Amino acid sequence: MSAFSLKMDIADNQFFTGETSPLFSRGQAQQARHFHQKIAGYKPTPLYALNELAALFGVRKILVKDESQRFGLNAFKMLGGSYAIARLLCEKYQLNIDDLSLEDLKTRITEKMTFATTTDGNHGRGVAWAAKQLGQNAVVYMPKGSAQERVDAIVRLGAECIVTDMNYDDTVRFTLQTAQKNGWEVVQDTAWDGYTKIPTWIMQGYATLADEAVEQMAAMGIPHPTHVFLQAGVGAMAGGVLGYLADVYGARNLHSVIVEPELADCIYRSGIKGQIVNVGGDMATIMAGLACGEPNPLGWELLRNCSTQFISCQDSVAALGMRVLGNPLGQDPRVISGESGAVGLGILTAIHYHPQREALMNKLQLGSDSVVLVISTEGDTDVKHYREVVWAGKYPAAL
């Protein structure tokens, strides 16, 4: 394949301290996983080794955690929503989450509740799923431009779903106002003054996937990854997973890279400045799950302390990752990865085919001993768009 150049702005983290948080530790992650293990149908999602691709790219291992296989929901987000709702109910009814499953909780609830949230698709689907399991109501708001397939998936779970004429962050504010007016519980994966408990639980729930990955790597005889690429919207998944990995391996022993679309790169801009920077506007990126302009302060603190680098990239990088994962090399397993799920692998691919490949490999300290972990956070949650990218070549890497 010919060399081609995709836009990837890479910023070193000048504010790295390596300081971890007791809120996002191995112990907290394992408590969340213990809860998830009691849900009917639980099993760890696969961790695939793309050995032939790793050999082509000149690294030792490429490991892909495939979250499209999470409870039949095609994305990882239910890990956070289900755990947060369970913790909320345990607090309300003075119950111990370590002793209870979703089924147990359902029998203890004495009043009907409504859970409200804003989503680009996957988080809302997770909240709707958890509410349905518990026999409760969910109202889900989505920003303008949301794919009809993602709306339909939420409605099929029994939730009310409303698409607004606002961007993601303005929709969050609207959801909060509406929920307060109606006495609903807000289950949101970002935080603000006076609202930190539920997003903390959501982030802890996300770390289940990281606890699984560490266990799976150990079973493969891999003591630790050298690199992890984590995509970020508000930074809740990236913060929860990196907090866990930094606690397990030590932040200084892990080259961690946070990746965002250039049209919604609030973490990248915050990383350069060392404090939260918000991004406004429509944020019309194909990475719908990452189209967020205001960092979660809880996640941001961890990312500022423990990330090695931040990357802002064009949409074609994610499209490239989707195509490579869906069309594997040799005997490597195939991974169906959506727009937000594929961007980490897209970065690795874009580097390999870049005219300045060697300089970029050095910049990210990638070499023949590198073991790279990426999280494919979603499958083809918008099948029509997935096929436009993978079959029809939308957002090409080279013209």
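What counts and how
Residues numbered from 1 in each chain as written. Predicted model: local features only at pLDDT ≥ 70, side-chain atom pairs only at ≥ 80, totals over all residues. Heavy atoms only, no water. Helix = DSSP H or I, 4+ residues; strand = E, 2+ residues; numbered from the N terminus. Rg over C-alpha atoms; globule rule 2.2 N^0.38 Å. Buried < 20%, exposed > 50% of the residue type's maximum accessible area, 1.4 Å probe, protein only. Contact = heavy atoms within 4.5 Å. Areas by Shrake-Rupley, 256 points an atom, 1.4 Å probe, with all protein chains shown as cover. Expected span 1.5 Å × (residues − 1). Domains from an automatic or database assignment. Buried area = accessible area lost by both parts, 1.4 Å probe. Salt bridge = Lys/Arg side-chain N within 4 Å of Asp/Glu carboxyl O. Pairing = 2+ DSSP bridges. Axes fitted to C-alpha atoms, helices over the stretch in contact; angles between N-to-C directions. Parallel < 35°, antiparallel > 145°, perpendicular 65-115°, else oblique. Left-handed = near helix turned anticlockwise from the far one by under 90°. Nonpolar A, V, L, I, M, F, W, Y, C, P; charged D, E, K, R; others polar.

Topic: the overall build of the protein chain
Each helix and strand in the protein chain was counted, giving 15 helices and eleven strands. Taking 399 residues into account, the globule formula puts the C-alpha radius of gyration at 21 Å, and the protein chain, at 20 Å, falls close to it. The C-alpha extent of the protein chain, read off along each of the three principal axes, is 60 × 45 × 40 Å. For the protein chain, buried positions account for 61% of its 399 residues. Taking the intrachain contacts of the protein chain between residues at least 6 apart in sequence as the baseline, contacts between residues at least 24 apart amount to 75%. Roughly 15000 Å² of accessible area belongs to the protein chain as shown, and the carbon and sulfur atoms make up 47% of that amount.

Topic: helix H5 (residues 122–133)
The end-to-end C-alpha distance of H5 is 17 Å, a good match for the 16 Å that twelve residues give at a rise of 1.5 Å each. Across the twelve residues of H5, ten count as buried, placing the element largely inside the fold. Among the residues of H5, those classed as buried are Asn-122, His-123, Gly-124, Arg-125, Gly-126, Val-127, Ala-128, Trp-129, Ala-130 and Ala-131. On the buried face of H5, the contacting elements are helix H3 (78–93), helix H4 (102–108), strand S4 (114–118), strand S5 (137–142), helix H6 (148–155) and helix H8 (197–219). Positive phi appears at Gly-135, one or two residues downstream of H5, with a value of about 70°.

Topic: the environment of Gly-233
Tracing the chain through its elements places Gly-233 in the loop between strand S8 (227–231) and helix H9 (236–249). Each C-alpha atom, one on Gly-233 and one on Asn-296, is 8.8 Å from the other, the two residues being 63 residues apart in sequence. Setting aside its immediate chain neighbours within four residues, Gly-233 contacts Glu-260, Cys-266, Ile-267, Gly-289, Leu-290 and Cys-292.

Some remarks on the domain arrangement of the protein chain
Taken as a whole, the protein chain is organised into domain 1 (8–76 + 198–392) and domain 2 (77–193). When the two sides are added together, the surface that domain 1 and domain 2 hide from each other amounts to roughly 3600 Å², 58% of it contributed by carbon and sulfur. Of all residues in domain 1, Phe-35, Leu-73 and Trp-201 bury the most surface against domain 2, accounting for 22% of the area lost on that side. Inspection of the domain 1/domain 2 interface yields three salt bridges. Among the ionic pairs, Arg-173 bridges to Glu-294, the shortest N-O distance being 3.0 Å.

Remarks on the pattern of salt bridges
Enumeration over the complete set of coordinates arrives at 18 salt bridges. For Lys-77, the salt bridge identified is with Asp-189, shortest N-O distance 3.0 Å. Remark: Asp-189 occurs in the loop between strand S7 (185–186) and H8 and Lys-77 occurs in the loop between strand S3 (61–66) and H3; sequence separation between them is 112 residues. For the pair Lys-77 and Asp-189, one class covers both residues: buried. For Glu-339, the salt bridge is made with Arg-150, and the minimal N-O distance between the two is 3.2 Å. Here Glu-339, found in the loop between helix H12 (315–326) and helix H13 (343–352), pairs with Arg-150, found in helix H6; they are 189 residues apart in sequence, far enough to count as distant.

Some words on the sheet that holds S7
The four strands are arranged S6-S5-S4-S7 in an open sheet whose pairing can be described as parallel. Strands with a single pairing partner mark the edges of an open sheet, and in this sheet they are strand S6 (160–163) and S7. By the bridge criterion, two bridges tie S4 to S7 in an arrangement that is parallel. Bridging across to S7, Phe-115 finds its partner in Glu-185. Packed on one face of the sheet, helix H7 (residues 168–182) meets S4, S5 and S7 and runs near 160° to S4.

What about the packing of H3 against H8?
Two quantities define a packed helix pair, namely the angle between the helix axes and the distance between the axes. The contact between H3 and H8 brings their axes to 7 Å, and the two run at 130°. When the interaxial angle is binned, H3 and H8 end up oblique. Seen along the crossing, H3 lies across H8 with a hand that is right-handed. Contact residues: H3 offers Leu-79, Gly-80, Tyr-83, Ala-84, Arg-87, Leu-88 and Glu-91, while H8 offers Lys-197, Ile-198, Trp-201, Ile-202, Gln-204, Gly-205, Tyr-206, Thr-208 and Leu-209. Looking at the contact of H3 with H8, its residues break down into nine nonpolar, four polar and three charged.

Quick look at the side chain of His-123
Position of His-123 relative to the elements: it lies in helix H5. Those residues in contact with His-123 that lie beyond four places of it in its chain are Lys-77, Thr-117, Thr-118, Val-187, Gln-188, Asp-189, Ile-202 and Tyr-206.

Overview of the packing of H8 against H9
Contact geometry for H8 and H9: axes closest at 8 Å, N-to-C directions at 45°. When the axes of H8 and H9 are compared, the pair comes out oblique. When the axes of H8 and H9 are compared, the crossing they make is right-handed. Each of Met-203, Tyr-206, Ala-207, Leu-209, Ala-210, Asp-211, Val-214 and Met-217 in H8 lies in contact with H9, whose residues at this interface are Ala-236, Met-237, Gly-239, Gly-240, Val-241, Tyr-244, Leu-245, Val-248 and Tyr-249. In the contact of H8 with H9, the residues fall into 14 nonpolar, two polar and one charged.

Description of unusual backbone geometry
For Phe-71, which is not glycine, the phi torsion reads 55° and is therefore positive. Looking at the element boundaries, Phe-71 is found in the loop between S3 and H3. Looking at Phe-71, the relative accessible area reads 18%, which means it is buried.

A look at the sheet that holds strand S1 (residues 8–12)
Taking strand neighbours across the sheet as the criterion, the seven strands line up as S1-S10-S9-S8-S11-S3-S2 in an open arrangement whose pairing is mixed. The strands lining the two open edges of the sheet, one partner per strand, are S1 and strand S2 (47–49). Taken pair by pair, the neighbouring strands of this sheet meet at an average axis angle of 20°, ignoring direction. One ladder, built from five bridges, connects strand S9 (residues 255–261) with strand S10 (residues 309–313); its direction is parallel. What sits directly across from Glu-260, in S10, is Ser-312. Against the sheet, helix H10 (residues 266–273) contacts S1, S9 and S10, and its axis sits at roughly 135° relative to S10.

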